[in-house]
Amino acid sequence: FKVLPWEHPRSRNYTSEFESCRLEAVPVEFGDYHPLKPITVTESKTKKMVRKGSTSSTSSSSSSMIDPLSSVLDGTDPLSLFAATADSVTTAANTDSTRKKRDKDDSLVVGSDFEPWSSKRGEILARYTTTEKLSIVSALLNDFGSQKELLNLTQQDYMHRIEDLNQSLKDAWASDQKVKALKIVIQCSKLLSDTTVIQFYPSKFVLITDILDTFGKLVYERILSMCLDNRGSLPDNFTPESVNDTAKETCLNWFFKIASIRELIPRFYVEAAILKCNKFLSQTGISECLPRLTAMIRGIGDPLVAVYARAYLCRVGMEVAPHLKESLNKNFFDFLLTFKQMHGDTVQNQLVVQCVEIPLYLTLYSPAIDWILQCIAYRAPEILLTEMMERCKKLGNNALLLNSVMSAFRAEFIAARSMDFIGMIKECDESGFPKHLLFRSLGLNLAMADPPECDRLQILNEAWKVITKLKNPQDYINCADVWVEYTCRHFTKREVNTVLADVIKHMTPDRAFEDAYPQLQSIIQKIITYFHDFSVLFSVEKFLPFLDMFQKESVRVEVCKCIMEAFINALTLEDEKRMLASLINGFIKMVSFGRDFEQQLSFYVEARSMFCNLEPVLVQLVHSVNQLAMETRKVMKGNHSRKTAAFVRACVAFCFITIPSLTSIFARLNLYLNSGQVALANQCLSQADAFFKAAVSLVPEVPKMINIDGKMRPSEPFLLEFFCNFFSTLLIVPDHPEQGVLFLVRGLLNVIQDYTWEDNSDDKVRIYTNVLHLLSAMTQETYIYHIDKVDSNDTLYGGDSKFLTEINKLCEAVIAQILDHLKTLGLEETLKRQSQLALYFFNSILAHGDLRNNRLNQLSVNLWNLAQKHGFADTKTMVKTLEYIKRQSKQPEMSHLTELALRLPLQSRT
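The model shown is predicted, which means the values in this text are computed figures rather than measured ones.

Participant: Break down the overall build of the chain for me, citing the residues and quoting the values.
Facilitator: A tally of helices and strands in the chain yields 43 helices and 6 strands. Out of the 910 residues in the chain, the part that is buried amounts to 47%. Long-range pairs, those at least 24 residues apart, make up 70% of the contacts in the chain with a sequence separation of at least 6. A total of about 48400 Å² of accessible surface is found on the chain, and carbon and sulfur atoms cover 53% of it.

Here it is, written out as structure tokens:
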């Protein structure tokens, strides 16, 4: 692009433009129309006959006097009257069918109240780790299919290898090597049969199933893309009948390939991964495959491997068919039938070889069983949950199941049966699943739901009998952390004091507290959440000795800060300040001294001195004083006397002194602008200039991020809004005789140029484009609006050529900045932004430029082509823009746009 002088802004006749935008006036006889006149609603029914062109119609009408206010209360609006005439039987039938359809649709999707697998993934990877060396046997490390075994990998190396395989899968798929991709998935699935480092198995399951999920998504999207034809994309609820034969054949081919996998585990996992693809073949495909896949798992001998296979099937099932609950239940009941295998000789021998204790081994099952039970319990009737609980109760050594039930079932269900669960926990074998984990799971439920009031003390006593006997400090503090919340929630400071004393007793020996700072901090947080009275908290005898355990300086400071913040927020600072400021502002607005404006201003001055620490009150006072100045102008009808002129200058001085004391930078910017507008309206020109200069000088201080309602937000959108408002005001601000032409606009442009904008932001260019709008408006013989008794530059300069030349120079500089920025967006990752900005600039030239000028005309054509060059332009927008140009070209003074329209091609996407 060449930089073009902006010598040809379009001459505007604002009066005729306003007239052309008005709605067409239709003559109406007196009494023919009134908003409160009775409304007649006419229903026309047209029934098409077999013979083309033959129609019959009937019409019915009803009318009634409708009060626009009372209709809100009694519902007798025109649409309600119309609906009331419909056949009641048909309406009832439609309502019933709609309700059934809605209920059915609800069962077909999983709501936001279902905790997704992705939220559990990180916790599993962090919890199930190992220091043992791992290995991967893979046939994928060379192109000849020979197997290679990678030995002695650390956990981190192993995870990196798995991530490499995931990337290899994506690369193979992208390069159309579908067979290689399938081989990768099969080899990865085989890793799930390996339990040589058994304590790492849950994490391995997470990593491998990530690859399976990737594969399943790639296959589904591939087949879905084959369904795209002239009809466009398939709807979400498509049927197999709408799938073309090519897509169906490809889908069947995938299932046939998977069916030929010899080994059970990879065949199961790979088919489960593409379970969703059954939608392309048959409406009942998924419901037929789920029972078969469930039965296949019975062939997996290792109980740990089998339960994770069931968890994966339940996960996929919940994603593609959450309404098929029977499959979920069947998986769990099949698991119960094989529950005794976990204590069999094969498993025991394996644990001896790996030196793994049975309590640790049983915790490996938790993620899988928790997930299966969560899927079953989701929106399940209480009778089913009760049946599940009873089945678990009948099994021996059922602590593992009991823990999963408490983790997966609704907290309200568990809390209502707290004493039953305590009874089951007490019956559990000590040598199996750790009892303290069971009480911890119970405590987590009781933190979310309340047990029966009559049982609360007994529950605490039973739980604490077990917790206080724990010898391992980490096991103890993990349980105590959970049960402290239950104690604070339902009991007094006496019981809380007893619990704190017990924690001190367990965590002081051998300085065990040094390894438990996070749990101890959590306990403090829970206590201050429930004890809002500062005096009550410090009257708890053991609270200060508990704080003494925080002996690491940084942690101690953090805890003390946490306590102070909690009580400051609760007692005074932000909330109370906000509430007080709101009440004071309400009072200030109500105070009126009538026409005694000087007494009113004195009241505002006194209020400022009294409430100088409440920023919202200062903001309100500035607004009130500005309003007072405008009321004075209104009373004097714009013709100030010597006395009123001095008074409004006093009002302006009040604002100019008050605004700098505010801390919010955007509050200052907006108040400088508002106060400058008020000063200008009252012919205080030098004071108005002072406000506008202060606003310009404040812009460089605007930070990148600002606090909005307690959240940090980028400041640039707010700055863009401020500049647009400022430009609207600058149009009518007359130049100072000693400051030079457009001195405020020049100062603002310098500030915009020097401000450090975000690299990925185009706000600077959008501001520059708005500057062009302003400069274009300044070249007009008569400005679009004025302030009474204030001569703007159109009057001062009267279209002087030197003034127009200065504007053109500014335009050249601004256009150069815009075009330079467009050039910097030529990289692949910024082409979309380039397209949007090019079209934005094109529209500005179209609205404000005189396109009869050849160079400006050519620039607009170049911008149009640039907007479409890389396929990022929105076709609908481009079409509508071109249609607008063609409509405008029909106006006599815009006929030159006809030639421009012929030079603007529409490029279709390929």
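Participant: With reference to specific residues and values, describe the packing of aromatic side chains.
Facilitator: This model, assessed by the stated rule, comprises 42 aromatic pairs. Seen from their ring centres, F114 and W371 are 5.5 Å apart, and the 75 degrees between their planes marks the pair as edge-to-face. Here F114, found in the loop between helix 4 (88-108) and helix 5 (118-127), pairs with W371, found in helix 16 (residues 366-377); they are 257 residues apart in sequence, far enough to count as distant. For the pair shown, F114 and W371 are each scored as buried. Both rings, one in F692 and one in F726, keep their centres 5.7 Å apart while their planes meet at 45 degrees; by these two values the pair is tilted. One end of the pair, F692, is in helix 34 (residues 685-698); the other, F726, is in helix 35 (residues 716-730), with 34 residues separating them in the sequence. F726 matches F692 in its accessibility class, with the two residues each being buried. Taken together, the aromatic side chains of F114, W117, Y201, F205, F268, Y269, Y308, Y312, W371 and Y378 make up a single cluster linked through ring pairs. A cation sits over an aromatic face here: K178 above W173, 4.8 Å from the ring centre. In this arrangement the basic side chain of R766 is found over the ring face of Y840, its NZ or CZ atom lying 5.0 Å from the centre.

Participant: Explain the packing of helix 12 (residues 303-320) against helix 13 (residues 325-337) to me, using residue names and the numbers behind them.
Facilitator: Two elements in contact, helix 12 and helix 13, have axes separated by 10 Å at closest approach and are oriented at 170 degrees. When the axis of helix 12 is compared with that of helix 13, the two are roughly antiparallel. Taking contact as the criterion, the partners of V307, R310, L313, C314 and M318 in helix 12 are, on helix 13, L328, N331, D334 and F335.

Participant: Could you give an account of unusual backbone geometry, naming the residues involved and the relevant values?
Facilitator: The backbone of R379 sits at a positive phi, close to 55 degrees, despite the residue not being glycine. Mapped onto the secondary structure, R379 falls in the loop between helix 16 and helix 17 (382-394). Unusually for a residue other than glycine, K789 sits at a positive phi of about 70 degrees.

Participant: Which residues make up a nonpolar patch on the surface, and what values go with them?
Facilitator: Side chains of F18, I784 and Y785 sit close together on the surface and give an oily, nonpolar patch of about 280 Å² of accessible area. With respect to the helices and strands, the residue Y785 is situated in the loop between helix 37 (763-778) and helix 38 (793-797). With relative accessibility at 34%, the residue Y785 sits in the partly exposed group.

Participant: Could you give an account of the nonpolar core, naming the residues involved and the relevant values?
Facilitator: Judged by nonpolar contacts, the single largest core of 175 residues is most densely connected at F332, Y361 and W483. In this structure Y361 touches I198, P303, L304, M342, V347, L351 and V356, once residues within four positions along its chain are discounted. Core analysis: the second largest hydrophobic core is formed by 114 residues, I588, L731, V790 and L846 among them.

Participant: Which residues make up the packing of helix 18 (residues 399-408) against helix 20 (residues 418-427), and what are the values?
Facilitator: Here helix 18 crosses helix 20 at 155 degrees, and the two axes come no closer than 10 Å. Regarding the angle of helix 18 to helix 20, the classification is roughly antiparallel. Between helix 18 and helix 20 lies a crossing whose hand is left-handed. Across the interface between the two elements, L402, V405 and M406 of helix 18 pack against F421, M424 and I425 of helix 20.

Participant: Mind laying out the state of the cysteines, listing which residues take part and the relevant values?
Facilitator: One pass over the full model with this rule turns up 0 disulfides. Here C314 stays free of any disulfide, with the sulfur of C375 as its closest cysteine sulfur at 5.4 Å. Since its relative accessible area comes to 0%, C314 is described here as buried. Here C684 is not disulfide-linked; the sulfur of C651 is the nearest cysteine sulfur, at 9.3 Å.

Participant: Mind laying out the pairing of strand 5 (residues 705-708), listing which residues take part and the relevant values?
Facilitator: Pairing geometry for strand 5 and strand 6 (residues 711-714), over 4 bridges, is antiparallel. Bridge assignment links N707 to a residue of strand 6, and that residue is M712. Linkage of strand 5 to strand 6, two consecutive antiparallel strands, is achieved through a turn of 2 residues, within which D709 is found at a positive phi near 55 degrees.

Participant: Kindly report on the environment of G443, identifying the contributing residues and their values.
Facilitator: In this structure, G443 sits in helix 21 (residues 435-446). Relative accessible area serves as the criterion here: at 0%, G443 is assigned to the buried category. For the pair G443 and L460, spaced 17 residues apart in sequence, the C-alpha to C-alpha distance is 9.5 Å. Setting aside chain neighbours within four positions, we find G443 in contact with V482 and W483.

Participant: Requested: an account of the pattern of salt bridges, with residues and values cited.
Facilitator: Side chains that differ in charge, positive against negative, can pair when their charged atoms come close. In the structure shown here, the tally under the stated rule is 23 salt bridges. Taking the shortest distance from any N to any O, the salt bridge between D213 and R315 comes out at 3.0 Å. Of this pair, D213 sits in helix 8 (residues 201-226) while R315 is found in helix 12, placing the two residues 102 residues apart along the sequence. Exposure remark for D213: the relative accessible area of 28% places this residue in the partly exposed category. Judged by relative accessible area, R315 falls into the buried class, the value being 3%. The partner of K526 in a salt bridge is D481, with the nearest N and O atoms 2.8 Å apart. Taken together, the positions of K526 in helix 25 (residues 517-530) and D481 in helix 23 (residues 473-490) put the pair 45 residues apart, joining distant regions of the chain.

Participant: With reference to specific residues and values, describe helix 24 (residues 493-507).
Facilitator: With 15 residues, helix 24 extends 21 Å between its outermost C-alpha atoms, agreeing within 8% with the 21 Å of an ideal straight helix rising 1.5 Å per residue. Listed in full, the buried residues belonging to helix 24 are E495, V496, N497, V499, L500, D502, V503, I504, H506 and M507. In the core, the buried residues of helix 24 are packed alongside helix 22 (456-467), helix 23, helix 25 and helix 27 (543-547).

Participant: Summarise the side chain of R315; cite the residues concerned and give the values.
Facilitator: Looking at R315, its side chain comes within polar contact range of the side chain of T209, at 3.5 Å. Discounting chain neighbours no more than four positions away, the residues touching R315 are W117, T209, D213 and W371.

Participant: Any chance you could break down the confidence of the model for the chain for me, citing the residues and the numbers?
Facilitator: Looking at the chain as a whole, the pLDDT averages 83, with 85% of positions reaching at least 70. Scored below 50 in pLDDT, residues 1-7 shows 28 contacts in the model against residues more than four places distant or in partner chains. Overall, residues 42-96 carries pLDDT values under 50, and its contacts beyond four positions in sequence, including any with other chains, amount to 45 contacts.

Participant: Give me the lowdown on helix 8, citing residues and values where you can.
Facilitator: Across its 26 residues, helix 8 extends 38 Å between first and last C-alpha, which sits within 8% of the 38 Å expected from 1.5 Å per residue. With respect to burial, helix 8 is a largely interior element, 20 of its 26 residues being buried.

Participant: If you had to explain the environment of N682 to someone new, which residues and values would you point to?
Facilitator: Turning to its location among the elements, N682 is positioned in the loop between helix 33 (665-681) and helix 34. Residues N682 and T632 lie 50 residues apart in sequence; the distance between their C-alpha atoms is 9.1 Å. What N682 contacts, discounting residues up to four positions off in sequence, is A629, M630, R633, H640 and V648.

Each value, and the rule that gives it
- Residues numbered from 1 in each chain as written.
- Predicted model: local features only at pLDDT ≥ 70, side-chain atom pairs only at ≥ 80, totals over all residues.
- Heavy atoms only, no water.
- Helix = DSSP H or I, 4+ residues; strand = E, 2+ residues; numbered from the N terminus.
- Buried < 20%, exposed > 50% of the residue type's maximum accessible area, 1.4 Å probe, protein only.
- Contact = heavy atoms within 4.5 Å.
- Areas by Shrake-Rupley, 256 points an atom, 1.4 Å probe, with all protein chains shown as cover.
- Phe/Tyr/Trp six-rings, centres within 6.5 Å; stacked < 30°, edge-to-face > 60°.
- Lys NZ or Arg CZ within 6 Å of the ring centre and 35° of its normal.
- Axes fitted to C-alpha atoms, helices over the stretch in contact; angles between N-to-C directions.
- Parallel < 35°, antiparallel > 145°, perpendicular 65-115°, else oblique.
- Patch = residues over 30% accessible without salt bridge, like charges linked within 9 Å, V, L, I, M, F, W, Y side chains within 5 Å.
- Salt bridge = Lys/Arg side-chain N within 4 Å of Asp/Glu carboxyl O.
- Core = buried A, V, L, I, M, F, W, Y, C linked by side-chain atoms within 4.5 Å.
- Left-handed = near helix turned anticlockwise from the far one by under 90°.
- Disulfide = S-S within 2.5 Å.
- Pairing = 2+ DSSP bridges.
- Expected span 1.5 Å × (residues − 1).
- Polar contact = N/O pair within 3.5 Å; in protein donor to acceptor, adjacent residues only side chain to side chain.
- pLDDT = per-residue confidence, 0-100.

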